[in-house]
Amino acid sequence: MKYFLTSSPSVSMDGAINPANGFLDNLKLSLAEPVRALFVTTYPDDAAFSDHCSQCIREAFEQAGLWFESYTLLDRRTAAQVAQLVAESNFIILGGGHVPSQNAFLHELHLKRLLKRFKGVVLGISAGSMNAAHVVYAQPEEPGEAADKEFKRFLPGLGITDVSILPHYYMCKDLKVDGLKVYEEIAMPDSVTSGSRFYVFPDGTYLVGDNGNETIYGEFYLIENGVMRKVANDGQRVGLPFV
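Small disclaimer: the values here were computed from a predicted structure and weren't measured.

## A few points about the pairing of strand S15 (residues 227-232)
Alright, step 1. Across five bridges, the pairing between strand S14 (residues 220-224) and S15 is antiparallel. Looking at S15, one finds that Glu-224 is bridged to Val-227.
Alright, step 2. Hairpin connection, S14 to S15: the antiparallel pair is bridged by two residues, and Asn-225 has positive phi, about 55°.

## Focus: the sheet that holds strand S11 (residues 197-200)
Alright, step 1. The strand order across the open sheet built from four strands is S8-S11-S14-S15, with neighbouring strands paired in mixed fashion. Only two strands of the sheet have a single neighbouring strand rather than two, namely strand S8 (164-166) and S15. Strand-to-strand twist in this sheet, taken as the mean axis angle between neighbours without regard to direction, amounts to 30°.
Alright, step 2. Summarising the sheet, S8 and S11 pair through three bridges and their orientation is parallel. Residue pairing for S11: Ser-164 is matched across the bridge by Phe-198.

## Points about the environment of Ala-83
Alright, step 1. Inspection of the secondary structure puts Ala-83 in helix H3 (residues 82-88).
Alright, step 2. When the C-alpha atoms of Ala-83 and Cys-172 are compared, they prove to be 36 Å apart, with 89 residues separating the residues in sequence.

## A word on unusual backbone geometry
Alright, step 1. With an omega of -10°, the peptide bond running from Glu-33 to Pro-34 counts as cis.
Alright, step 2. Position of Pro-34 among the secondary structure elements: in the loop between helix H1 (23-30) and strand S2 (35-40).
Alright, step 3. A cis amide bond links Leu-240 with the next residue in sequence, Pro-241, at an omega value of -5°.
Alright, step 4. With respect to the helices and strands, the residue Pro-241 is situated in the segment after strand S16 (237-240).
Alright, step 5. Even without a glycine there, the phi angle at Asn-21 is positive, about 60°.
Alright, step 6. With respect to the helices and strands, the residue Asn-21 is situated in the loop between strand S1 (2-6) and H1.

Calculation rules
Residues numbered from 1 in each chain as written. Predicted model: local features only at pLDDT ≥ 70, side-chain atom pairs only at ≥ 80, totals over all residues. Heavy atoms only, no water. Pairing = 2+ DSSP bridges. Helix = DSSP H or I, 4+ residues; strand = E, 2+ residues; numbered from the N terminus. Axes fitted to C-alpha atoms, helices over the stretch in contact; angles between N-to-C directions.

Below is the structure:
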């Protein structure tokens, strides 16, 4: 299995595929023909949301010259066929949205077990990239989550990577949740109490994993021991692990 974990593959949330850092070229080279895609939603019971997100990504890829023999949405309507759908696919797209919501659905599907036999390409988008980790950092993002002592900030994930990604850096860098700055007053302190590393990606940055080797393409930042530092600029690539 090869995987591409992105902040967002698009120029905007519903826009054209972002070619930055060679993303589109690298992805096309990794996909086997014919491409049989499976889009995994974040909100399985919200048909309108799932249909919209799935269709936007499909149209963006097709406009970029990537065509599909099949393209199936995995939500509540198709969940009973998950084992068959995974087996028939060679390109699995983990959509974006609310991390804990998607995490719960992934566990309902037993997707971690099913992916152990998967030989294709996995693409993570935002929450999908975050839930790809062994241990998922569910950074508070909705009102009430930062203040809630019972909110679980660390969840079991799909186990595809050890890298914990925080997406959409430039969109989120000035945001607050429950009056707390999402980086300075939430993620940085959490890196200390948990002993974790968080990799902060702007849109256009992505991680590629293949046969145990992982490389980050593009600009990114690292949060560790309560400090945030820039590691790479756009156009650069960094192999993992690094000091």
